[in-house]
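Now for the letters of each chain:
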Amino acid sequence: MLSFDIEKMLFCIPTKAHDKETITKLLRAHPEVQYVSLVGIDMGGHDTDEKIPVELFIEDMDSMLEKGVQTDGSSVALPVIASLNNAKVDMIPDLNVNWYVDYNYLNADPALELPVGTLRIPSFLIHNESFACGSRVMLRDAMTHLKKEILDVLHKHPYVFEYLDVADSVDDIEEIILTSATELEFWVKTPDDKGDREQLFTSQVLKEQYWKRTYGEVRTALEDTLKLLDKYGLAVEMGHKEVGGVKARMGNTGHYDHVMEQLEIDWKYDDAMQAADNENQAKYVVRDIFTMHGLDVTFMAKPFPGVAGSGEHTHIGIAAKLKNGKTCNLFSPADMNKHFMSPIGFGALMGLLKNYEVVNPFVSSSNDAFNRLKPGFEAPVCVVTSLGKSPTEPSRNRTVLAGLIRDNSNPLATRFELRAPNPKSNTYLVLMSSYMAIIDGIRAALEAEKTPEDLEKSISKKYGEEDFYLERDREYRTEKNVFDDFSQDERDTLFGRAPATVWENITALERFPEKTEIFKKGGVLTDLTLDSYKEQITNQWRTEVHDRIIPSRMDTIRNCKKIHDDEYANDLDDANWEGIEELRRELGKDNLYNKCLLTQVKEALDSGNYEEASKLQLLIQDKVSELMDKYAAYTKNIF
């Protein structure tokens, strides 16, 4: 449990308090805050963390708030942009979001009896004093562009106000508001414990863990985490058990051991930039608090094969603050019982779906992400949406990529839930790419002056039907179960073949040049920033496969050892082992005439033949999965 008096601690300096006098007063009143860190977000989604003594920050505050601090460009992931011989990068504070204090609960100041804190100030990265870059910059510019574009298209096509709630014209609008929220899923376990795949799978099928009561250290850590997140102002809505996990056992010490559980925490939506910052801070709090209780935390998308991975469903909404003080949800129709959405809502969803081939590289950019995106585990595998059976019968189809969430009694609740992101997705870039796709669809729908009826027909089109915006040989909506009601061939034909590796995904930015152009509108992205991102993700994928996945696969192969005694074995044991040994050699054993699959993929990566490496990666995945299944069957027949 928390042993500090958290009522005495400073957790947040809100946007309205970002003047020198107020900041100085707060820091002086809270000596537990002893460091300041300017936090930039690079192309890889990594955030910087440096320790500036708080007294030095107060002394130089004017300069730091205006000019920031300098970092070495070789220390952040900005390939193509910052290099060893051109490495000047400044971090300029963002004054328009909350600043959070990050506490080290393992380092208490003895005089204060409080943990030592670091004020983390979200910042923009600036290369060579003029080129703004990095994930945070990209989201900022996308938000600015989207707001401007919406006002412009509303001004030019006022017909749409007939289908909107509250607002009568663009002159009624004071401000466009972009809202977002994320749902954080994660696994916790006692250190060094390894999950039994069959136990985890069986528990998942029987729904033995979902929404169940938590116990012991997991319960205490979860409650402490929720309490702290509220102190940061995140307005926690709930924390609960997710579908994955097995029941822990009470040990001789009076503590639970063999803990292996999946949890979820949700908090209130916010401005898009603030929502991304909130998620970053929430993950730090979760990890710190659960670690204090002796539990490991992983935000991996798929930490255990064969069972549910962790998603981070991202909710996206657009509203307008009116001059009369009211707020209007631009996705909601004037008549919630007649239409699913307004033309703006339909256009936004259609833009996201049509352009998802180039949005996806910003959503799923790691090998871990693709390990999760498999049929049957409540993770999306097709570019398709669900609206519900009718406007009066909303449904939650959990098998689609983007679902419409609405409440007929609350028009402000209408939003999209993008289900592909995971806890390690770069939320800044998920939102940036989604917004740029969304405005493409909104502009198309309103320029064609389509009604909600027209647009519902468009998004519900059948394969082969022509449409004013969506592609002919695709379908975009289903109310069916995508996993069970369609074969793999049907899914590929109707909804498009999904990429299976990081390399397949990132090359979409080159294979669909007309769609990639959406990111360049308004100068949001340039060829340089796109090249930087592609280089970062390609390098990350290549290095991970070469130096992590290949050695890990070899360890798996080596651990599949012969365990039966020839004297007591039967023909089945011998046959099982023979099949295992054949797979082991194919995967990991070179000879004078042939190279094994692991050697082949390594050589393909070394030579830059990434297309071949991507194909071999998929083949190795299938072979290793087959090996593990065969080895499990073999061991179960040995006394």
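Residues numbered from 1 in each chain as written. Predicted model: local features only at pLDDT ≥ 70, side-chain atom pairs only at ≥ 80, totals over all residues. Heavy atoms only, no water.

A. Representation of the side chain of Thr314 within the structure. Position of Thr314 among the secondary structure elements: in strand E16 (residues 314-322). At 3.1 Å, the side chain of Thr314 and the backbone oxygen of Glu312 are in polar contact. The residues touching Thr314, leaving out its near neighbours within four places in the chain, are Ser180, Ala181, Thr182, Phe416, Glu417, Leu418, Pro421, Val430 and Leu431. (Helix = DSSP H or I, 4+ residues; strand = E, 2+ residues; numbered from the N terminus. Polar contact = N/O pair within 3.5 Å; in protein donor to acceptor, adjacent residues only side chain to side chain. Contact = heavy atoms within 4.5 Å.)

B. Quick peek at the pattern of salt bridges. By the definition in use, this model includes 40 salt bridges. Notably, a salt bridge pairs Glu149 with Arg443, separated by 2.9 Å at the nearest N-O pair. On the criterion of sequence distance, the pair formed by Glu149 in helix H4 (residues 135-156) and Arg443 in helix H11 (residues 427-447) is long-range, its members being 294 residues apart. Residues joined by salt bridges that share partners form a network here, namely Glu149, Asp152, Lys156, Arg443 and Glu447. (Salt bridge = Lys/Arg side-chain N within 4 Å of Asp/Glu carboxyl O.)

C. Just the pairing of strand E7 (residues 114-127), in detail. Of all 14 residues making up E7, 14 are buried, and the element is well covered by its neighbours. Examined bridge by bridge, strand E2 (residues 33-40) and E7 share seven bridges and lie parallel to one another. Residue pairing for E7: Val33 is matched across the bridge by Gly117. Here three bridges tie E7 to strand E8 (residues 131-133), and the two strands are oriented antiparallel to one another. Bridged to His127 within E8 is Phe131. (Buried < 20%, exposed > 50% of the residue type's maximum accessible area, 1.4 Å probe, protein only. Pairing = 2+ DSSP bridges.)

D. The arrangement of the side chain of Ser366 in detail. Here Ser366 lies in the loop between helix H9 (356-363) and helix H10 (367-372). In contact with Ser366, other than residues within four places in its own chain, are Val502 and Gln540.

E. Molecular detail of the packing of H4 against H11. Viewed as axis vectors pointing N to C, H4 and H11 meet at an angle of 15 degrees, and their least axial separation amounts to 8 Å. On the basis of the axis angle, H4 is roughly parallel to H11. When the axes of H4 and H11 are compared, the crossing they make is left-handed. When grouped by side-chain class, the residues that make up the contact of H4 with H11 number 17 nonpolar, two polar and four charged. (Axes fitted to C-alpha atoms, helices over the stretch in contact; angles between N-to-C directions. Parallel < 35°, antiparallel > 145°, perpendicular 65-115°, else oblique. Left-handed = near helix turned anticlockwise from the far one by under 90°. Nonpolar A, V, L, I, M, F, W, Y, C, P; charged D, E, K, R; others polar.)

F. View of a negative patch on the surface. On the surface, Asp571, Asp574, Glu578 and Glu582 cluster together into a negatively charged patch. Asp571 gets classed as exposed once you look at its relative accessible area, which sits at 66%. (Patch = residues over 30% accessible without salt bridge, like charges linked within 9 Å, V, L, I, M, F, W, Y side chains within 5 Å. Areas by Shrake-Rupley, 256 points an atom, 1.4 Å probe, with all protein chains shown as cover. Lys, Arg positive; Asp, Glu negative; His and termini not counted. Charge placed at Lys NZ, Arg CZ, Asp CG, Glu CD.)

G. How the structure looks around the pairing of strand E4 (residues 69-72). Burial along E4 is one-sided: the face carrying Val69 and Thr71 is buried and the face carrying Gln70 and Asp72 is not. Where E4 lies against strand E5 (residues 88-93), four bridges are found, and the strand directions are antiparallel. Bridge pairing in E5 places Gln70 opposite Asp90.

H. Looking closely at the packing of aromatic side chains. Considering all chains together, one arrives at 18 aromatic pairs under this definition. Between the aromatic rings of Trp503 and Trp541, the centroid separation amounts to 5.9 Å while the plane-to-plane angle is 20 degrees, which identifies the pairing as stacked. Pair noted here: Trp503 is in helix H14 (residues 502-506) and Trp541 is in helix H17 (residues 527-559), with a separation of 38 residues, a long-range link. Across the pair, Trp541 and Trp503 agree in class, each one buried. For the ring pair Tyr631 and Tyr634, a centre distance of 5.7 Å and an interplane angle of 45 degrees mean the geometry is tilted. With Tyr631 and Tyr634 both in helix H20 (residues 610-636) and three residues apart, this pair spans about one turn of that helix. Just as Tyr631 is buried, Tyr634 falls in that class too. Following the ring pairs from residue to residue traces out a cluster consisting of Phe4, Phe11, Tyr100, Tyr103, Tyr105 and Tyr232. (Phe/Tyr/Trp six-rings, centres within 6.5 Å; stacked < 30°, edge-to-face > 60°.)

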